Amino acid sequence: MKKIEAIIRPHKLDEVREALQEAGFRGLTVTEVKGFGRQGGHSEIYRGSEYTINFLPKVKIELVCPNPSLDKAVDIILKHAKTGEVGDGKIFISAVEEVIRVRTEETGEDAV
Amino acid sequence: MNHRRTAHRTAAPYRRYFSLALLFLSVTHSLLAQDSLTTAPSLEQRVAGLEAYLNNANPSPGGHALPSSGIAGPGHNGWMMTSAALVLFMTLPGLALFYGGLVRRKNVLSVLAQCLGIAGLVTILWWAVGYSLVFSDGGNAVLGGWNHLFLSGVGPAPDTSYAYWVSENIFAIYQMMFAIITPALIVGAIAERMKYSAVLLFVTAWMFLVYFPLAHMVWGANGLMNGVWNADAAVRSIDFAGGTVVHMSSGWSALVLCLILGKRIGFGREPMLPHNMVLVMVGTGMLWVGWYGFNAGSALAADGIAANAFVTTTLAAAVASFVWPMAEWAVRGKPSVLGFCSGVVSGLVVITPACGFVDVNGAVGIGVVAGLVPFLAVWKLKSWLGYDDALDTFGVHGVGGTLGAIVTGLAASPSVNPNLSAANAAAQANGLAGLALNGGLVLEQLKAAGLTLLLSVAATVLIAYAVRAFIGLRPSASSELTGLDIAEHGEEGYTGAH
């Protein structure tokens, strides 16, 4: 099993979620995050003070899937999160040792 | 006269027909009783007494005691109760939210606690000695007397030295709301870095050394700077609703206190952003609404002067709220919500001393300068001088209050407010009526502003160093970094996701 962590633009979240759901992925976790990458920040002005906002708001989605579904999930995220501008985000993929469903105590791919 | 008033009032809870009968009895009884001492007032005299109510004039014209004397007039009294509530609303929660939204989230409750604490503390001081020291007779030009300690003798009958038709106890509570918001304004300059105990101690001393004397000097019947009502005023200045007493005093004290206190840890290096601009806007709207009680209520009657103040307050606030963000747009590229909100407050501050003395065109002019001058102060002055006035109390209230004192001298007109003319015996006697016509009023306004500035700065230096020596002004560095909410109040403004 693999875990996909994708940092994407907040306004792309619904499009990505919809496409993943249509393709049969049955759950994901979303976190509002802040960070910086090549996009850099922007400036905000409050009365006399100008601040550079280095950390921009993004959304992180986390999704665990069986190995054979990985490419499909990544393709969907790439297709639907992309605008082509700097700041589209990143995808991290890592191996997952075990998954346990709390209610039934099922383990492994059955629990995904 | 007293027993008639008592009979009239205790009749109120009974059913209508019964109370009417009782009233009839009590009035005839007292008329008969009076008859045996003096002659009963004629119908004409009694009508004149009622006309005095409509004109907000002396309730005992010609010195005759009338059935209508010594009683609050329902309309005027009703407006003053409403106004008192509106001015409280400016502090709780208006100013609390305005300031609370501007600080970082870890300090939001500390600002609310400061506003709440000041409301309670100042109320106790006002009840015990404050009202007496400001408005009791028997004092001198700088401070009032001791006759109203613990609000003794302050009841529902009007004190005609101040308001012909308003209950003195309502007048006292109305004035108390001003005494509450003034020190609460200072909180903006020292936000996020002053120990709570030091805030309360500072405010207590500040009320005695700055607010009580200043309010008496400007509004007390025998006050040093009460040009309108004191025939012997040394400074013939005018201040309708508190430009000097409230805004200049708090603004200049705020500047001095924030300089003595020092900057917030990380100031200039870390971003210190408003944590909730929505609260700022909500608070601003409440301040604007409440300000009608502050300004139009300062007529101490629901009369034509109050109506004028209501209108000029609206115009100045609206114009400044528009001019400030437009100036921002022109020089910085974007009109910000904080710019709109700052413009509202700044317009209200500058019109405060002027609202009962200027006409609509004067108010629009005041709105324009109120949108530009404090804007420049917080944009340029603050960064040039490098002080950490966290929420711009000095830039808005200090600069705006001083500006207001001066423009009031330029724009005040006896045709708007006849109290500035020879029709007002005090203004005629002390020369204000002449100054209002020949332009000499500006000089008197500058004197009043100078005296206010001097008193505020000197007393604040004294109190701040004394409090620092006694209990210290700042919390520990770790408290300040953690946030005052948890460190000083043991709670958080926003506690997680559930």
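**Some remarks on the environment of Leu20 of chain A**
All names here are of chain A.
Next, step 1: Turning to its location among the elements, Leu20 is positioned in helix H1 (residues 13-22).
Next, step 2: Taking relative accessible area as the criterion, Leu20 reaches 1% and is therefore assigned buried.
Next, step 3: For Leu20 and His80, which are 60 residues apart along the polypeptide, the C-alpha to C-alpha distance reads 9.6 Å.
Next, step 4: Ignoring any residue separated from it by four or fewer positions in sequence, one finds Leu20 in contact with Phe25, Leu28, Ile61, Leu63, Ala73, Ile76 and Ile77.

**Some details on the domain arrangement of chain B**
The extent of an interface is frequently quoted as the accessible surface area lost upon association of the parts.
All names here are of chain B.
Next, step 1: Domain boundaries in chain B define domain 1 (2-63) and domain 2 (79-489).
Next, step 2: Spacing between the C-alpha centres of domain 1 and domain 2 amounts to 40 Å.
Next, step 3: Across the contact, nine residues belong to domain 1 and eight residues belong to domain 2.
Next, step 4: Here domain 1 meets domain 2 over a buried area of about 710 Å², counting both sides, of which 66% is carbon and sulfur.
Next, step 5: At the boundary of domain 1 with domain 2, the tally comes to zero salt bridges.
Next, step 6: For the pair domain 1 and domain 2, the interface holds three residue pairs in polar contact (both at pLDDT 80 or more).
Next, step 7: Where the side of domain 1 that touches domain 2 is concerned, the elements lending two or more residues are helix H1 (2-10) and helix H3 (43-54).
Next, step 8: Residue contributions to the side of domain 1 that touches domain 2 peak at three residues, all from H3.
Next, step 9: Here the side of domain 1 that touches domain 2 is built from residues that sort into four nonpolar, three polar and two charged.

**Comments concerning the pattern of salt bridges**
Oppositely charged side chains can form a pair if their charged atoms are brought close together.
Residues and elements named next belong to chain B.
Next, step 1: Applying the stated rule across the entire model yields 16 salt bridges over all chains.
Next, step 2: Between Arg104 and Glu192 there is a salt bridge, and its shortest N-O distance comes to 3.1 Å. Here Arg104, found in the loop between helix H4 (74-102) and helix H5 (108-135), pairs with Glu192, found in the loop between helix H6 (168-190) and helix H7 (196-219); they are 88 residues apart in sequence, far enough to count as distant. Here Arg104 and Glu192 have matching classes, each one buried.
Next, step 3: Connected through shared salt-bridge partners, Arg104, Glu192, Arg193, Arg264 and Asp388 make up one network.

**Here we look at the nonpolar core**
Next, step 1: By size, the foremost hydrophobic cluster in this structure holds 138 residues, and its most contacted members are Phe98, Trp126, Met194, Phe202, Met207, Tyr211 and Phe294 of chain B.
Next, step 2: When residues no more than four places from it in sequence are discounted, the contact partners of Tyr211 of chain B are Trp126, Gln175, Phe178, Ala179, Thr182, Trp206, Trp219 and Val245 of chain B.
Next, step 3: Of all hydrophobic cores here, the second largest spans 18 residues; its members include Leu13, Ala19, Ile77 and Ala81 of chain A.

**Notes on the side chain of Ser321 of chain B**
Residue and element names in this part refer to chain B.
Next, step 1: Within the secondary structure layout, Ser321 lies in helix H10 (residues 304-332).
Next, step 2: Classification of Ser321 as buried rests on a relative accessible area of 11%.
Next, step 3: Separated by 2.7 Å, the side chain of Ser321 and the backbone oxygen of Ala318 make a polar contact.
Next, step 4: In contact with Ser321, other than residues within four places in its own chain, are Phe340, Gly343 and Val344.

**Notes on the interface of chain B and chain A**
Next, step 1: Taken together, the contact pairs 16 residues of chain B with nine residues of chain A.
Next, step 2: Contact with chain A buries surface across chain B, with Leu273, Arg332 and Leu338 of chain B losing the most and accounting together for 41% of the total.
Next, step 3: Linking chain B with chain A are two salt bridges, by the criterion used here.
Next, step 4: The salt bridge involving Arg332 of chain B is made with Glu50 of chain A; its shortest N-O contact spans 3.7 Å.
Next, step 5: Among the secondary structure elements, those contributing two or more residues to the side of chain B that touches chain A are H4, helix H11 (337-351) and helix H12 (360-385) of chain B.
Next, step 6: For the side of chain B that touches chain A, the leading source of residues is H12 of chain B, giving three residues.
Next, step 7: Here the residues of the side of chain B that touches chain A are counted per class, giving eleven nonpolar, one polar and four charged.

**Regarding the environment of Glu328 of chain B**
Residues and elements named next belong to chain B.
Next, step 1: Relative to the helices and strands, Glu328 resides in helix H10.
Next, step 2: When the C-alpha atoms of Glu328 and Thr402 are compared, they prove to be 22 Å apart, with 74 residues separating the residues in sequence.
Next, step 3: Excluding anything up to four places from it in sequence, Glu328 contacts Gly333, Lys334, Pro335, Ser336, Gly339 and Phe375.

**A closer look at the layout of surface pockets**
Next, step 1: As a volume, the largest pocket reaches approximately 810 Å³.
Next, step 2: Along the wall of the largest pocket there are 34 residues; nearest its centre are Tyr162, Trp229, Ala299, Leu300 and Asn419 of chain B.
Next, step 3: With four residues, the top contributor of residues to the lining of the largest pocket is H6 of chain B.
Next, step 4: Along the lines of polarity and charge, the residues of the lining of the largest pocket split into 20 nonpolar, twelve polar and two charged.
Next, step 5: Taken together, 20 residues make up the lining of the second largest pocket; nearest its centre are Lys34, Glu44, Ile53 and Phe55 of chain A together with Leu273 of chain B.

**Topic: the pairing of strand E4 (residues 49-53) of chain A**
Residues and elements named next belong to chain A.
Next, step 1: Burial along E4 is one-sided: the face carrying Ser49, Tyr51 and Ile53 is buried and the face carrying Glu50 and Thr52 is not.
Next, step 2: Summarising the sheet, strand E3 (residues 42-46) and E4 pair through five bridges and their orientation is antiparallel. Across the sheet, Tyr46 pairs through a bridge with Ser49, a residue of E4.
Next, step 3: What sits between the antiparallel neighbours E3 and E4 is a turn of two residues, in which Arg47 has the positive phi angle 50°.

Here is what the cut-offs are and how they apply
Residues numbered from 1 in each chain as written. Chains lettered and ligands numbered in written order. Predicted model: local features only at pLDDT ≥ 70, side-chain atom pairs only at ≥ 80, totals over all residues. Heavy atoms only, no water. Helix = DSSP H or I, 4+ residues; strand = E, 2+ residues; numbered from the N terminus. Buried < 20%, exposed > 50% of the residue type's maximum accessible area, 1.4 Å probe, protein only. Contact = heavy atoms within 4.5 Å. Domains from an automatic or database assignment. Buried area = accessible area lost by both parts, 1.4 Å probe. Salt bridge = Lys/Arg side-chain N within 4 Å of Asp/Glu carboxyl O. Polar contact = N/O pair within 3.5 Å; in protein donor to acceptor, adjacent residues only side chain to side chain. Nonpolar A, V, L, I, M, F, W, Y, C, P; charged D, E, K, R; others polar. Core = buried A, V, L, I, M, F, W, Y, C linked by side-chain atoms within 4.5 Å. 1 Å grid on protein atoms, 1.4 Å probe; cavity = no way out; pocket = protein on both sides within 12 Å on 5 of 7 lines; lining within 4 Å. Points joined across faces, edges and corners; volume = space filled by probe spheres on them. Pairing = 2+ DSSP bridges.

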